[in-house]
Amino acid sequence: MANNPLNILIIGAHPDDPDYSAGGTAALYAQRGHRVKMVSLTNGDAGHHEQGGAPLAWRRRIEAANAGKALGVEYITLDIHDGALLPSLENRNLVIAIIREFQPDLITIHRPNDYHPDHRYASQLVQDASYMVTVPNVVSHVPHLRTMPVIVHTWDHFQKPYPFQADVVVAIDAVVEAKVDALHCHTSQMYEWLPYNGRYLEQVPANLAERRAWLRQRQDARLRRVADLYRAKLGELYGTARGDQVQYAEAFEACEYGSPLTSENVQTLFPFFTK
Ligand SMILES: [Zn+2]
């Protein structure tokens, strides 16, 4: 166990976003005895071409829970309808309560500009909650926080209004198989809906072991891309020799509305950088 365990809250819009964006980093925290909670704000009940509603929501909740087990973390799915997440006061207060109850040192969330409205509003909700978690007269049934957590956005490739700025890049080579194992649990997404939506359903192997290998291959390029894009930052954090050898990475951008991410607290919040 870590001497001072951190509380890490990984929030996403859909059941698969938390592990897709930060599953490797989550596994690294879990291995070191830190406490990680993944939360999907929606229940995922719209993300399929043949199923929907409550049966799909339950299927995705179970898939997410299993993905959490693969990473050694807790993974919960709330019950807001998929494709219908709004930055409402009701949802903001829900997010405030979740943050206060878990008392995170660090929160990860999508960036506010993204192709999916649920991702955009999930990001908006966390930003809207960030200061309010410290205000006692808001959501007063859950004790307020005295310090705002540090908040970081998870990597995406969108360029407008500005490209992703990598403030922290975490090497996940040691846990890349655990990340793929987690994604492999999302059968309804990785092998059904996303391939249908992306029109490559015919490429998905029928056999379970072949599917896992196929998914591993698909993730390979993406995770290598993040390491290659931010090679200089990896060198800065891990030292050039180690940074140059990193194959797979996850990247994070500081959000201005949380507590500041500094060159001092980055070492405590991301206890992975041995040179
Ligand atoms: Zn999503």
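Refer to the structure presented above.
Structure report, in brief. (Residues numbered from 1 in each chain as written. Predicted model: local features only at pLDDT ≥ 70, side-chain atom pairs only at ≥ 80, totals over all residues. Heavy atoms only, no water.)

## Quick look at the overall build of the protein chain
So, point 1. Looking only at helices and strands, the protein chain has ten helices and seven strands in total.
So, point 2. Over its C-alpha atoms the protein chain spans a radius of gyration of 18 Å, differing by no more than 12% from the 19 Å that the globule rule assigns to 275 residues.
So, point 3. Overall size of the protein chain, expressed as C-alpha extent along the three principal axes, is 50 × 50 × 40 Å.
So, point 4. Across the 275 residues that make up the protein chain, the buried fraction comes to 56%.
So, point 5. Long-range contacts, defined as pairs at least 24 residues apart, comprise 78% of the intrachain contacts of the protein chain with a sequence gap of at least 6.
So, point 6. For the protein chain, the exposed area adds up to about 12600 Å²; of that, 51% sits on carbon and sulfur atoms. (Helix = DSSP H or I, 4+ residues; strand = E, 2+ residues; numbered from the N terminus. Rg over C-alpha atoms; globule rule 2.2 N^0.38 Å. Buried < 20%, exposed > 50% of the residue type's maximum accessible area, 1.4 Å probe, protein only. Contact = heavy atoms within 4.5 Å. Areas by Shrake-Rupley, 256 points an atom, 1.4 Å probe, with all protein chains shown as cover.)

## Topic: the pairing of strand E7 (residues 249-254)
So, point 1. Burial of E7 is extensive: five of the six residues sit out of reach of the surface.
So, point 2. Pairing of strand E5 (residues 150-154) with E7, which is carried by three bridges, proceeds in the antiparallel orientation. When the bridges of E7 are listed, Thr154 appears paired with Phe252.
So, point 3. Relative to E7, strand E6 (residues 168-171) runs antiparallel, the two being bridged by four bridges. Bridge pairing in E7 links Val168 to Phe252. (Pairing = 2+ DSSP bridges.)

## Re the coordination of the zinc ion
So, point 1. Bound to the zinc ion are the protein donor atoms His14 (ND1), Asp17 (OD), Asp17 (OD) and His119 (NE2), situated 2.1 to 2.5 Å from the metal.
So, point 2. One way to put it: the four donor atoms around the zinc ion meet at angles of 55 to 138°, and that makes the site irregular.
So, point 3. Residue classification places Asp17 among the buried positions, given a relative accessible area of 9%.
So, point 4. Among the residues examined, His119 registers a relative accessible area of 6% and is labelled buried. (Donors = N, O, S within 2.8 Å, 3.2 Å for Na, K, Ca; no water. Tetrahedral: all angles 85-135°; square planar, octahedral: opposite > 155°, others 65-115°.)

## Brief notes about the sheet that holds strand E2 (residues 35-42)
So, point 1. Ordered by their spatial adjacency, seven strands build an open sheet running E3-E2-E1-E4-E5-E7-E6, and the pairing between neighbours is mixed. Of all strands in the sheet, those with a lone pairing partner are strand E3 (74-80) and E6, marking the two edges. The mean angle between the axes of side-by-side strands here comes to 25°, regardless of whether they run parallel or antiparallel.
So, point 2. Most of the contacts of helix H1 (residues 17-31) go to E2, to which it runs at about 170°, and overall it touches strand E1 (7-12), E2, E3, strand E4 (106-109), E5, E6 and E7. (Axes fitted to C-alpha atoms, helices over the stretch in contact; angles between N-to-C directions.)

## What to know about the environment of Phe102
So, point 1. Within the secondary structure layout, Phe102 lies in helix H3 (residues 89-102).
So, point 2. Remark: the alpha-carbon pair of Phe102 and Leu9, spanning 93 residues in sequence, is separated by 7.7 Å.
So, point 3. In this structure, Phe102 is in contact with Asn7, Ile8, Leu9, Arg35, Val36 and Lys37, ignoring residues within four places of it in sequence.

## Some words on the packing of H1 against helix H5 (residues 176-184)
So, point 1. Taken N-terminus to C-terminus, the directions of H1 and H5 make an angle of 155°; their axes are 8 Å apart at the nearest point. In terms of axis orientation, H1 runs roughly antiparallel to H5. The hand of the H1/H5 crossing is right-handed. Contact with H1, carried on its side by Asp19, Tyr20, Ser21, Ala22, Gly23 and Gly24, involves Lys179, Ala182 and Leu183 of H5 and no other residues of that element. (Parallel < 35°, antiparallel > 145°, perpendicular 65-115°, else oblique. Left-handed = near helix turned anticlockwise from the far one by under 90°.)

## Description of the packing of aromatic side chains
So, point 1. Counted according to the given criterion, the structure contains nine aromatic pairs.
So, point 2. Judged by centre distance (6.1 Å) and plane angle (45°), the rings of Tyr191 and Trp214 are tilted. A residue pair is termed long-range when its members are at least 10 positions apart, and Tyr191 in helix H6 (residues 187-197) and Trp214 in helix H7 (residues 208-229) qualify at 23 residues.
So, point 3. Geometrically, the ring pair formed by Tyr200 and Trp214 is tilted, given 6.2 Å between the ring centres and 40° between the ring planes. Taken together, the residues Tyr200 in the loop between H6 and H7 and Trp214 in helix H7 connect sequence positions 14 residues apart.
So, point 4. Given the relative accessible area of 16%, Tyr200 is considered buried. (Phe/Tyr/Trp six-rings, centres within 6.5 Å; stacked < 30°, edge-to-face > 60°.)

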